[in-house]
Amino acid sequence: MEISKERQSSVSGEVEIDDLKSRILTESRQIWRIAFPGIVVGVTSFGMIVVTQLFIGHITEVHLAAYALVQTILIRLVDGILVGMSSATETLCGQAFGAGQYHMMGIYLQRSWLVEVALGTIILPLFICTTQILKLIGQDPDIANVAGRIALWFIPIVYSFVFILTMQKYLQAQMKNQIVGWISAVSFAIHVPLSWVLVSKLKLGVSAAMGALNLSNWLTALGLFAYVLGGGCPKTWKGFTFAAFKDILPIVKLSISSGIMICLEMWYMSILVLLAGYMKNATVAISAFSICLNISGWQIMICFGFLGAACVRVSNELGAGNAKATKFSIKVILCTSMSIGVISSILCLIFSRKISYLFTDSKQVADSVSDLSVLLAISLLFNSIQPVLTGVAVGAGLQSKVAYLNLACYYGIGIPLGALLGYVAHLKIKGLWIGMLIGEALQTLVLSFLIWKTDWDVQVIKASNRLDRLFVDPSKESNEDKISGTNA
């Protein structure tokens, strides 16, 4: 009798293990279906910016430092705001898709365009007055003058970001982000040889490099427009409508909190680059730091694929009312992303010096990058954890809490501590980076605790209430709300 019970227990245990394996495999397939196209988009879109820096870096060190300042300060600031604000689209579209409110997704997309185009216009003076701003805060005048000319080339790119990011989130929420990956990959494939011909062969300089970057970004935006408006999303895109102008305040509020959350994360490192500009031999300091941040940025684009996967899986399951499935998905995504972080850290320790020569011919800059390789490897490990936790927060609509957390950990602790270690303790760039890592470690620990303590049954109810509040009944939408001649 006891043997029979033991056999039953053994069989039951094996069934549970097989069931767990099956669930992990099923969840992993769903995660990679979302994450892989997102990784392709992140790596190629960020790759176009990095490739441009590769070509500009071989013109002169001043041009490399100027581009690095614009890219790591202005573009990270703007990109952080726009990525964050488009994550509001991701939250709402993901929860609407999970709840079966398909027609609302097109309305949310149009609302996000209105909000983000307005914001993009408001921040244009930053690009127009870049030289004056950099000189005002004490940056090297030669670098500031070149940076001002480069910044003007980024203005059209800002508007392309608005449409690329929002349509990416919209398509990702309905498992159609493969098209985003293909379009981004094609644009990147065009960008690399185009930049090589214009800069390396024809020797047309910085203007040619920035012109190629503009063209490649707008190819991506136009490709997405063609797909969305051309009938690629018949369930969720019903044409332009005046309903997009209604109930826009909740979208603005969620977008602002999302924008602050991501912007505080992405501009955190940019502040440290700015501080590096006040050090002795600023050209080398900025160049080395920016190369490390580009390596980190390229790896974090991979992890941003898992951020998107976490957001979509969490928002879809919350919209469908599945609290247990939400928690299980979080565990699988986190383990997958962390494994990639460990591999990235090991590769960084092995190849960091060789990678630096892709960006510069300067031995002094390469030596500085090599000296930072251990800190960079630690950053790559954190990069694999923090974006997933952020994606979970976005999927649940917890952006405002994370924004306060980022402000406290990054700007209340990380940057002041980095400045003390860099300037007072004379650790220079290493001191700045150590402070940054301490702030990031604290943020990751607190965010992990916040998510662990979250009651996901309550979040299911909140998601349902949010969708009900913003819902537009298509049967009651008046003909006046339709914009004639725009239905796809």
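Residues numbered from 1 in each chain as written. Predicted model: local features only at pLDDT ≥ 70, side-chain atom pairs only at ≥ 80, totals over all residues. Heavy atoms only, no water.

Draft legend 1. A look at the overall build of the chain. Scanning the chain from terminus to terminus reveals 18 helices and 0 strands. Relative to its full complement of 488 residues, the chain shows a buried share of 58%. Taking the intrachain contacts of the chain between residues at least 6 apart in sequence as the baseline, contacts between residues at least 24 apart amount to 86%. With an accessible surface of roughly 20200 Å², the chain has 68% of that area assigned to carbon and sulfur atoms. (Helix = DSSP H or I, 4+ residues; strand = E, 2+ residues; numbered from the N terminus. Buried < 20%, exposed > 50% of the residue type's maximum accessible area, 1.4 Å probe, protein only. Contact = heavy atoms within 4.5 Å. Areas by Shrake-Rupley, 256 points an atom, 1.4 Å probe, with all protein chains shown as cover.)

Draft legend 2. Quick look at the packing of helix H2 (residues 61-99) against helix H6 (residues 141-153). Orientation of H2 relative to H6, taken along the N-to-C sense of each, is 60 degrees, at an axis distance of 8 Å. Our classification of the angle between H2 and H6 gives oblique. Like other packed secondary-structure pairs, H2 and H6 cross with a definite hand, here right-handed. Together, Val 62, His 63, Ala 65, Ala 66, Tyr 67, Leu 69, Val 70 and Leu 74 of H2 and Asp 142, Ile 143, Val 146, Ala 147, Ile 150 and Ala 151 of H6 make up the contact between the two elements. Residue composition of the contact of H2 with H6, by class: 12 nonpolar, 1 polar and 1 charged. (Axes fitted to C-alpha atoms, helices over the stretch in contact; angles between N-to-C directions. Parallel < 35°, antiparallel > 145°, perpendicular 65-115°, else oblique. Left-handed = near helix turned anticlockwise from the far one by under 90°. Nonpolar A, V, L, I, M, F, W, Y, C, P; charged D, E, K, R; others polar.)

Draft legend 3. Layout of the environment of Thr 130. Along the chain, Thr 130 falls in helix H5 (residues 130-136). Residue Thr 130 is classed as buried on the basis of its relative accessible area, which comes to 4%. Put simply, Thr 130 and Ala 151 are 21 residues apart on the chain and 6.7 Å apart in space, counted from C-alpha to C-alpha. With residues up to four places along the chain from it excluded, the contact list for Thr 130 reads Leu 74, Ala 147, Gly 148 and Ala 151.

Draft legend 4. Spatial organisation of a nonpolar patch on the surface. The grouping of Val 342, Ile 343, Ile 346, Leu 347, Leu 349, Ile 350, Phe 351, Val 374, Ile 378 and Leu 381 at the surface amounts to a nonpolar patch, some 880 Å² of accessible area in total. When residues of the nonpolar patch are traced back to their parent elements, those giving at least two are helix H12 (323-356) and helix H14 (373-383). Of all the elements, H12 adds the most residues to the nonpolar patch, at 7 residues. Within the secondary structure, Ile 350 sits in helix H12. (Patch = residues over 30% accessible without salt bridge, like charges linked within 9 Å, V, L, I, M, F, W, Y side chains within 5 Å. Salt bridge = Lys/Arg side-chain N within 4 Å of Asp/Glu carboxyl O.)

Draft legend 5. How the structure looks around unusual backbone geometry. Its identity is not glycine, yet Lys 203 carries a phi of approximately 55 degrees, on the positive side. In this fold, Lys 203 is placed in the loop between helix H8 (178-201) and helix H9 (205-232). A relative accessible area of 65% means that Lys 203 is categorised as exposed.

Draft legend 6. H6, seen in detail. An ideal rise of 1.5 Å per residue puts 18 Å on 13 residues; H6 measures up with 19 Å between its terminal C-alpha atoms. Within H6, burial applies to Ile 143, Ala 144, Val 146, Ala 147, Gly 148, Ile 150 and Ala 151. Capping the start of H6, Asp 140 holds a side-chain oxygen 2.9 Å from the backbone nitrogen of Asp 142, two or three residues further along. (Expected span 1.5 Å × (residues − 1). Polar contact = N/O pair within 3.5 Å; in protein donor to acceptor, adjacent residues only side chain to side chain.)

Draft legend 7. Spatial organisation of the nonpolar core. Counting 74 residues, the largest nonpolar core has Phe 127, Ile 150, Phe 154 and Trp 433 as the members making the most contacts within it. Here this core gets 14 residues from one element, more than from any other, and that element is H2. Setting aside residues no more than four positions away along its own chain, Phe 154 makes contact with Tyr 67, Val 70, Ile 75, Phe 127, Met 210 and Leu 213. Residues Val 332, Val 388, Val 402 and Ile 451 belong to the second largest nonpolar core, which totals 32 residues. (Core = buried A, V, L, I, M, F, W, Y, C linked by side-chain atoms within 4.5 Å.)

Draft legend 8. Here's a closer look at the pattern of salt bridges. All told, the structure shown has 3 salt bridges when counted by the stated rule. As a salt-bridge pair, Glu 27 and Arg 313 come within 2.9 Å of each other at their nearest N and O atoms. Residue Glu 27 is found in helix H1 (residues 2-57), and its partner Arg 313 is found in helix H11 (residues 282-320); the two are separated by 286 residues along the sequence. Summarising the burial analysis for this pair, Glu 27 and Arg 313 share the class buried. When the shortest N-O distance is used, the salt bridge between Lys 430 and Asp 371 registers 3.5 Å.

Draft legend 9. Layout of the side chain of Thr 336. Following the sequence through the fold, Thr 336 ends up in helix H12. With relative accessibility at 15%, the residue Thr 336 sits in the buried group. If we ignore the near neighbours within four places in the chain, the residues touching Thr 336 are Trp 32 and Phe 306.

Draft legend 10. View of the packing of aromatic side chains. Evaluation of the coordinates by the stated rule reveals 11 aromatic pairs. Residues Trp 113 and Phe 225 carry aromatic rings whose centres are separated by 5.5 Å and whose planes lie at 50 degrees to one another, so their mutual orientation is tilted. Of the two residues, Trp 113 is situated in helix H3 (residues 103-122) and Phe 225 in helix H9; the sequence distance between them amounts to 112 residues. Residue class for Trp 113 comes out buried when judged on its relative accessible area of 8%. Relative to Trp 218, the ring of Phe 163 has its centre 6.5 Å away and its plane inclined at 50 degrees; by these criteria the two rings are tilted. One end of the pair, Phe 163, is in helix H7 (residues 155-173); the other, Trp 218, is in helix H9, and 55 residues separate them in sequence. Assessed through its relative accessible area of 15%, Phe 163 is described here as buried. By relative accessible area, which is 26% here, Trp 218 ends up partly exposed. (Phe/Tyr/Trp six-rings, centres within 6.5 Å; stacked < 30°, edge-to-face > 60°.)

Draft legend 11. Inspection of the environment of Ser 329 at higher detail. Relative to the elements of secondary structure, Ser 329 occurs in helix H12. The class of Ser 329 is buried, set by a relative accessible area of 0%. Along the backbone, Ser 329 and Ser 28 are 301 residues apart, and their C-alpha atoms lie at a distance of 8.6 Å.

Draft legend 12. Summary view of the environment of Lys 169. Looking at the element boundaries, Lys 169 is found in helix H7. Residue Lys 169 is classed as buried on the basis of its relative accessible area of 8%. Each C-alpha atom of the pair Lys 169 and Cys 93 lies 7.9 Å from the other, and the pair is 76 residues apart in sequence. Not counting chain neighbours up to four residues away, the residues in contact with Lys 169 comprise Ser 86, Thr 89 and Glu 90.

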